[in-house]
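Here are the chains, one letter per residue:
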Amino acid sequence: MSSEVHILLVNNDPEARQTLKQTLVQAGFLCITEADNGRAAVTVLRNESIDLLVTDVDIAPLDGWRLGRMVRSGIFRCRSSIPLIIVATTWCERIAETTAREFGINAVIPFEKHDQLPAAVAECMDAPLKVVQKPKLLVVEDCEETALLAERILRPRFDVEIVVDGQAGLDAWMCRRHDLVLLDVMLPQLSGKQVLQRILREHPGQPVVIMTAHSTMDLAEELMLDGAADFIAKPFMADPLRRITEIAARREDYMVSNKQFAARVKSLRESRETCRAVSLAHQHLLDSLSAVVLELDSEGKLHFLNRAWEKLTGFTFDQSLGRKLSDFRDEGQDADWQIYQNRLRVLLSGALKDCVLELRLKNSQGEPVWVECRLDSMANVSGGRSVSGCLYNITKRKKALAELEHLAMHDTLTGLFNRHYFTHSLKQMAALSARGQGNHALLYIDLDHFKVVNDSFGHYHGDMVLKQIAELLSKRLRRSDLLCRLGGDEYAVLLANTDLGQARDIADEFRDTIQGLQCRIEGQLAEVSCSIGISEINGKAARTEEYLKQSDIALYVAKGRGRNRVHVYDPEDRESDELRHNLDWVRKVRKAISGDCLKFHFQPVLHISSGEINHYEALVRLDLPDHGEVLPKAFIPALEKSGEMHMVDHWVIRNAISLLGQYPRLKKLAINLSAHAFSDGSIMPLIEEMLRKENVDPRRVIFELTESASLTNVTATQKMIARLQELGCSFAVDDFGTGFSTFSYLKQFPADSIKVDGSFIRDLGSDPVNLALVRSIQEIARTLGKETVAEFVENEIDLNVLREMGIDFAQGYHIGRPAPIDAWDFSLA
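Residues numbered from 1 in each chain as written. Predicted model: local features only at pLDDT ≥ 70, side-chain atom pairs only at ≥ 80, totals over all residues. Heavy atoms only, no water.

Novice: Give me the lowdown on the overall build of the protein chain, citing residues and values where you can.
Specialist: Of the regular secondary structure elements, the protein chain holds 30 helices and 33 strands. Across the 829 residues of the protein chain, 46% fall into the buried class. Across the protein chain, contacts joining residues at least 24 apart in sequence account for 62% of those joining residues at least 6 apart. Element-wise, carbon and sulfur atoms account for 50% of the exposed surface of the protein chain, whose accessible area totals about 41500 Å². (Helix = DSSP H or I, 4+ residues; strand = E, 2+ residues; numbered from the N terminus. Buried < 20%, exposed > 50% of the residue type's maximum accessible area, 1.4 Å probe, protein only. Contact = heavy atoms within 4.5 Å. Areas by Shrake-Rupley, 256 points an atom, 1.4 Å probe, with all protein chains shown as cover.)

Novice: Requested: an account of the sheet that holds strand β6 (residues 84–88), with residues and values cited.
Specialist: One open sheet accounts for five strands, arranged β2-β1-β3-β6-β7; its pairing is parallel. Looking at strand neighbours, the two that pair on one side only are β2 (32–35) and β7 (107–110), the edges of this open sheet. Each strand of the sheet is rotated relative to its neighbour by a mean of 20 degrees, with strand direction disregarded. Examined bridge by bridge, β6 and β7 share four bridges and lie parallel to one another. (Pairing = 2+ DSSP bridges. Axes fitted to C-alpha atoms, helices over the stretch in contact; angles between N-to-C directions.)

Novice: How would you sum up the sheet that holds strand β10 (residues 180–184)? Please name residues and give values.
Specialist: Ordered by their spatial adjacency, five strands build an open sheet running β9-β8-β10-β11-β12, and the pairing between neighbours is parallel. With one partner strand each, in any of the chains shown, β9 (159–163) and β12 (230–234) form the two edges of the open sheet. Here the average twist between neighbouring strands, direction ignored, is 20 degrees. Lying on the sheet, helix α7 (residues 166–176) is in contact with β8 (136–140), β9 and β10; it crosses β8 at an angle near 165 degrees.

Novice: Could you give an account of helix α8 (residues 192–202), with specific residues and numbers?
Specialist: Those residues of α8 that sit buried are Gly 192, Val 195, Leu 196, Ile 199 and Leu 200. Projected down its long axis, α8 carries its buried residues within an arc of 120 degrees, all on one side. (Arc of directions from axis to C-beta.)

Novice: Lay out the nonpolar core with the relevant residues and their values.
Specialist: Of all hydrophobic cores here, the largest spans 53 residues; its most connected members are Phe 600, Leu 622, Phe 635, Leu 639 and Phe 703. Per-element accounting of this core gives the leading share, 10 residues, to helix α24 (residues 645–662). Each residue touching Phe 600, except ones within four places of it in the same chain, is listed here: Ala 618, Leu 619, Val 620, Trp 651, Val 652, Asn 655, Ala 656, Leu 659 and Pro 820. By size, the runner-up hydrophobic cluster in this structure holds 32 residues, among which are Leu 447, Ile 469, Ala 507 and Ile 532. (Core = buried A, V, L, I, M, F, W, Y, C linked by side-chain atoms within 4.5 Å.)

Novice: I'd like a description of the environment of Leu 148, backed by residues and values.
Specialist: Note on placement: Leu 148 falls in helix α6 (residues 144–154). Placed 637 residues apart in sequence, Leu 148 and Gly 785 show a C-alpha to C-alpha distance of 9.1 Å.

Novice: Describe in detail the pattern of salt bridges, supporting the description with residues and values.
Specialist: Two side chains that carry opposite charge are able to pair once their charged atoms sit near each other. For the structure on display, the rule yields 30 salt bridges. Among the ionic pairs, Lys 362 bridges to Glu 331, the shortest N-O distance being 2.5 Å. Note that Lys 362 is positioned in strand β15 (residues 354–362) and Glu 331 in the loop between α14 (317–320) and α15 (334–349), a separation of 31 residues in sequence. According to the relative accessible area criterion, Lys 362 is partly exposed, its value standing at 24%. In this structure, the salt-bridge partner of Asp 512 is Arg 511, at a minimum N-O distance of 3.3 Å. According to the relative accessible area criterion, Arg 511 is buried, its value standing at 19%. Overlapping salt bridges bring together Arg 504, Asp 508, Arg 511 and Asp 512 as one network. (Salt bridge = Lys/Arg side-chain N within 4 Å of Asp/Glu carboxyl O.)

Novice: Requested: an account of the pairing of strand β25 (residues 598–607), with residues and values cited.
Specialist: Judged by how many residues are buried, β25 sits mostly within the fold: eight of 10 residues are covered. Two elements, β25 and strand β26 (residues 612–624), share 10 bridges in a ladder whose sense is antiparallel. Within β26, the residue paired with Leu 606 across the bridge is Ile 613. Between β25 and β26, which pair antiparallel one after the other, the connecting turn spans four residues, and Gly 611 there sits at a positive phi close to 75 degrees.

Novice: Give me the side chain of Asn 418: which residues, what numbers.
Specialist: Residue position: Asn 418 is located in the loop between α16 (395–409) and α17 (419–434). A polar atom in the side chain of Asn 418 sits 3.1 Å from the backbone nitrogen of Tyr 421. Setting aside anything within four residues of it in sequence, one finds Asn 418 in contact with Leu 407, Ala 408, Met 409, His 410, Asp 411, Cys 484 and Arg 485. (Polar contact = N/O pair within 3.5 Å; in protein donor to acceptor, adjacent residues only side chain to side chain.)

Written as structure tokens, this is what we have:
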């Protein structure tokens, strides 16, 4: 019965509250509790059992939307599903509808139609809360991987439908009229431009987001001018895609809301007082937003601001209105603000519809504030143009990026520059010497037997010693010198405009300083010394790495002569057996490459479910007259330690892609890259050159990266993956399961497939531990949408287990042994 329904009525206007109460009582709703503000309403909800809530939007210190959100969260005594009705003094249909959906509100009624309240109460008590339907999203993308990636990212927010060509996309949209369209530029049959034109011709307000590669950015700009809501470059990241689609999905709400605002203002123009009331009410809505909402007049001066501006900058409206936004800029950002001025001029001319910029303001306290500035051109009632926009505070994000940049260049323990920055600085110094701008020196410092300190006192105390040494050396540097920590107990110093004699004196001083360090740890004295290798940066080396290699060799010699010594590089030094062994392999491999003695053997990879060979892996073999066939494990470590892996990496890329060009029936080939490749700046140009030269589709190339190799340089690996995936190449994680961060690795790198390490595959049919591990890897891979490859499959029993488990591919002696190219059935082009 209506008289038994306990209603909480919240309104801070006594007259309005009394009007609403009388309306309810006259309809038979007698059990009514009143609250004159949000705080009082919260108190009632905590202590009394309420069946239905009627509230205004503005109920300071809360608002009706947030009060509804609190009810829906279930923190009060009442049921979280009780009906919620907003009786709004401020009223805009589209905003009300949209906000009601977001906050789980059953009904929204303008106050002037409060006589509809009893019927709304009765209807809400009889009907359950409607389940909010996801917006419909149409993805028109001919690349299956891109389409599926977009679906995975956006499925939680949208009801996603995928089509693969322009005509199918247009047909699907005509049939189901999706809320948002994610449209590729380059499509078979109808192009993205044609699809966009036909959709907008049918429904000009349809939000369409363009997907484009970097090569089609000009076309994306053209489509934006034709009416696309936004665009995103491929390959895209998850967060930008979510943000862009979320904004675009709400675009129609924003546009309709603007039209409803305009219609309402027009209908109330004759009544200035009513118009003013509506304006103030809407100002309250805008003031509740955290983003700054602004309007610039035809001269680019601030014409309108909401309260978020005062919170962001500390400047009042009186201090701000009538001034240009550029008046609040921070120093040192002239380039950004020049771009802003240019874009503003184009917006006011009507030639550009909208733009997004990042600008740095200065607040009233003189502190920098970074904002993302989104501006839209619009026609005003006088026939001219003005600009509306929003400012979003991104200061925290900018600070986080700055901290990341600092971390990318600095050692986290000592605060010194790290190896990455050292490599960059060494290249610059070598380039200066090569241009005849002086000779320089490199000191390579390694602490002697520092492992004893870590083992004796623990890594914490060892780290404290490393920091203390860094501080001591920093105090003895000249202004032009650069001290870096290369990792572990190794440091490097770049000495500008310094000859070998001066470098030797400085190195001796560093050695004496470290030897004289009094490190007392838990009452014990830890003795520390160092060995230092010196090389001259004279511009004569063919590669920058030679200088580091020379100083490293000199360091070997210093340690070999008893440690706690300084040694200047001498080409005649041959005191390290390991060094000679490594250099010997380097010479053999270099000779093998020039003599065509480095070969590929190919091993097939089976698609388990179809029983067909899917692709082959190219495995390097060294054919030496005195040794016969040599496997990579015999010579690769020596090349890596000597810093010469680049020559094998280059040979592998050149010859593998060349073979793909020669053998078109070789559908796909997996190529192994070394850890060195991630920091080799010439790798990417070489890959692009070979693909172009041999006319090879990048999709035929799979790069295999060992988990341990790629984890040595996370940033470089991520950049290489991004650039090569942009070309169309695939990636596989080799030897998966052998690293320390196996599963977190998958979150950092977007590999297409995972190669389960062979140590888990052997005796899979009889080893329950391996079986459980492989099943776990398979389940994780399936969840992440990645394919799996099992290595070392050597019998039918293991293959059957893998088939039942759902592993996608198998590789091993049971499938096929590695063999030269002639052993396989490939026809020459």
